[in-house]
Amino acid sequence: MNEQRFERIKKLTEVQSTSGFEHNIREVIRSEMTPYVDEIQQDGLGGIFGLRHSEIKDAPTVMVAAHMDEVGFMLASITDEGFFRVVPLGGWNPLVVSAQRFTLQTRKGNYPVVSSSVPPHLLRGKENSMPKVEDILFDGGFESKEEAEEYGVRPGDTIVPDVETIKMANGKRILGKAWDNRYGVTAVLEALHDLKDETLPNHLIAGANVQEEVGLRGTKG
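The following refers to the structure shown. Everything numeric in this text was worked out from a predicted model, so none of it was measured.

Criteria and cut-off values
- Residues numbered from 1 in each chain as written.
- Predicted model: local features only at pLDDT ≥ 70, side-chain atom pairs only at ≥ 80, totals over all residues.
- Heavy atoms only, no water.
- Pairing = 2+ DSSP bridges.
- Helix = DSSP H or I, 4+ residues; strand = E, 2+ residues; numbered from the N terminus.
- Axes fitted to C-alpha atoms, helices over the stretch in contact; angles between N-to-C directions.
- Contact = heavy atoms within 4.5 Å.
- Patch = residues over 30% accessible without salt bridge, like charges linked within 9 Å, V, L, I, M, F, W, Y side chains within 5 Å.
- Areas by Shrake-Rupley, 256 points an atom, 1.4 Å probe, with all protein chains shown as cover.
- Salt bridge = Lys/Arg side-chain N within 4 Å of Asp/Glu carboxyl O.
- Buried < 20%, exposed > 50% of the residue type's maximum accessible area, 1.4 Å probe, protein only.
- Lys, Arg positive; Asp, Glu negative; His and termini not counted.
- Polar contact = N/O pair within 3.5 Å; in protein donor to acceptor, adjacent residues only side chain to side chain.
- Core = buried A, V, L, I, M, F, W, Y, C linked by side-chain atoms within 4.5 Å.
- Parallel < 35°, antiparallel > 145°, perpendicular 65-115°, else oblique.
- Nonpolar A, V, L, I, M, F, W, Y, C, P; charged D, E, K, R; others polar.
- Charge placed at Lys NZ, Arg CZ, Asp CG, Glu CD.

What follows deals with the sheet that holds strand S1 (residues 39-42). The strand order across the open sheet built from 4 strands is S1-S2-S12-S3, with neighbouring strands paired in mixed fashion. If you trace the sheet from one side to the other, it starts and ends with S1 and strand S3 (61-67), each paired once. For this sheet the average axis-to-axis angle between neighbouring strands, irrespective of direction, equals 20°. Of the pairings in the sheet, the one linking S3 to strand S12 (residues 203-209) comprises 7 bridges and is parallel in character. Across the sheet, Val62 pairs through a bridge with Leu204, a residue of S12. Its contacts with the sheet place helix H2 (residues 23-33) against S1, strand S2 (48-52) and S12, and it is angled at close to 10° to S2.

In this section: a nonpolar patch on the surface. A grouping of Leu95, Val96 and Met130 is seen on the molecular surface, where their side chains present a nonpolar patch of about 280 Å² in accessible area. Tracing the backbone through its elements, the reader meets Leu95 in the loop between strand S5 (84-89) and strand S6 (101-105).

Moving on, we get to the side chain of Asp69. For Asp69, the position within the fold is in the loop between S3 and strand S4 (72-78). Arg182 provides the closest opposite charge to the buried, salt-bridge-free Asp69, at an N-O distance of 7.2 Å. A polar contact of 2.5 Å, which involves the side chain of Asp69, links it to the side chain of Ser19. Separated by 2.9 Å, the side chains of Asp69 and His67 make a polar contact. The contacts of Asp69, once residues within four sequence positions are left out, are Ser17, Thr18, Ser19, Glu22, Asp180, Asn181, Arg182, Asn209, Val210, Gln211, Glu212 and Glu213.

The subject of this paragraph is the nonpolar core. Ranked by internal contacts, the top residues of the largest apolar core, which has 20 residues, are Leu12, Ile25, Ile29, Met68, Val185 and Leu192. Breaking this core down by element, the ones donating at least two residues are H2, helix H4 (179-194) and S12. With sequence-adjacent residues up to four places away left out, Leu12 is seen in contact with Ile25, Val28, Arg182, Val185, Thr186 and Leu189.

Bringing the packing of helix H1 (residues 3-14) against H2 into the picture now. Between H1 and H2, the shortest axis-to-axis distance is 9 Å and the interhelical angle comes to 150°. Classified by the interaxial angle, the pair formed by H1 and H2 is roughly antiparallel. Residues Arg8, Lys11 and Leu12 of H1 form the contact with H2, whose own contacting residues are Ile25, Val28 and Glu32. Each residue belonging to the contact of H1 with H2 can be placed in one class, and the counts come to 3 nonpolar, no polar and 3 charged.

Time to look at the environment of Thr199. Residue position: Thr199 is located in the loop between H4 and S12. When the C-alpha atoms of Thr199 and Glu55 are compared, they prove to be 8.0 Å apart, with 144 residues separating the residues in sequence.

With that settled, the discussion passes to the pattern of salt bridges. As enumerated under the stated definition, the model contains 13 salt bridges in all. One salt bridge connects Arg30 with Glu27, and the closest N-O pair in it is separated by 3.1 Å. With Arg30 and Glu27 both in helix H2, this residue pair falls 3 residues apart, about one helical turn. For Arg30, a relative accessible area of 26% translates into the label partly exposed.

A surface patch of like charges, here negative, comprises Asp80, Glu81, Glu146, Glu149 and Glu150. Within the secondary structure layout, Glu150 lies in helix H3 (residues 145-150). A relative accessible area of 56% places Glu150 in the exposed class.

Consecutive residues of a regular strand have side chains that alternate between opposite faces of the sheet. Alignment of S4 against strand S9 (residues 158-161), held across 2 bridges, turns out to be antiparallel. Bridge pairing links Met74 to Thr158 in S9. Bridge analysis of S6 against S9 gives 4 bridges, and the strand direction is antiparallel. Each residue of the ladder has a partner; that of Gln105, found in S9, is Thr158.

As far as function goes, none of this settles anything; it's purely spatial.
Here you go:
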């Protein structure tokens, strides 16, 4: 993999934008595709697409689409002690949620957050030791509900994984988050780049939908 492609993957995967809150990644996609298309259109839910027009009047239209959102959480409530209860946005395996770093996105700014984990010795002897996402508390370091609210934390705020995209030891594999479907977004942008000097026999629509992780809503919209 060449360095330019890796840097594009790194840029796209590290952006933090969960379902329904895709504004961060949408603006990156807009900036990346603008040099390669004739116009850009955005749908009512926030999907964004670049259009390349063929010089052939009755040419067929081809669409290439990925989705830009990633799984995350929505803050449901703040406990008196300042911890957060959440609901998942998209499908999560509860085994991978605990003891991870996240970012809490609020109207006042972004704050680091860590998810809680029940010590193994407290789970011994229990019939079902599988945690539920709704039972995992998130900790932003606040000492009380009042302090969290002073920093602008409110129910409805989003929590997204905080992961750096890096190359593995042999340089042939990449470790990161949001591969579903930022890699698809990368492929769309790479295609637009490769076609920039080509005369197309068809009209091309290329871009990304929103809210795929919560029921394919962006595609239906």
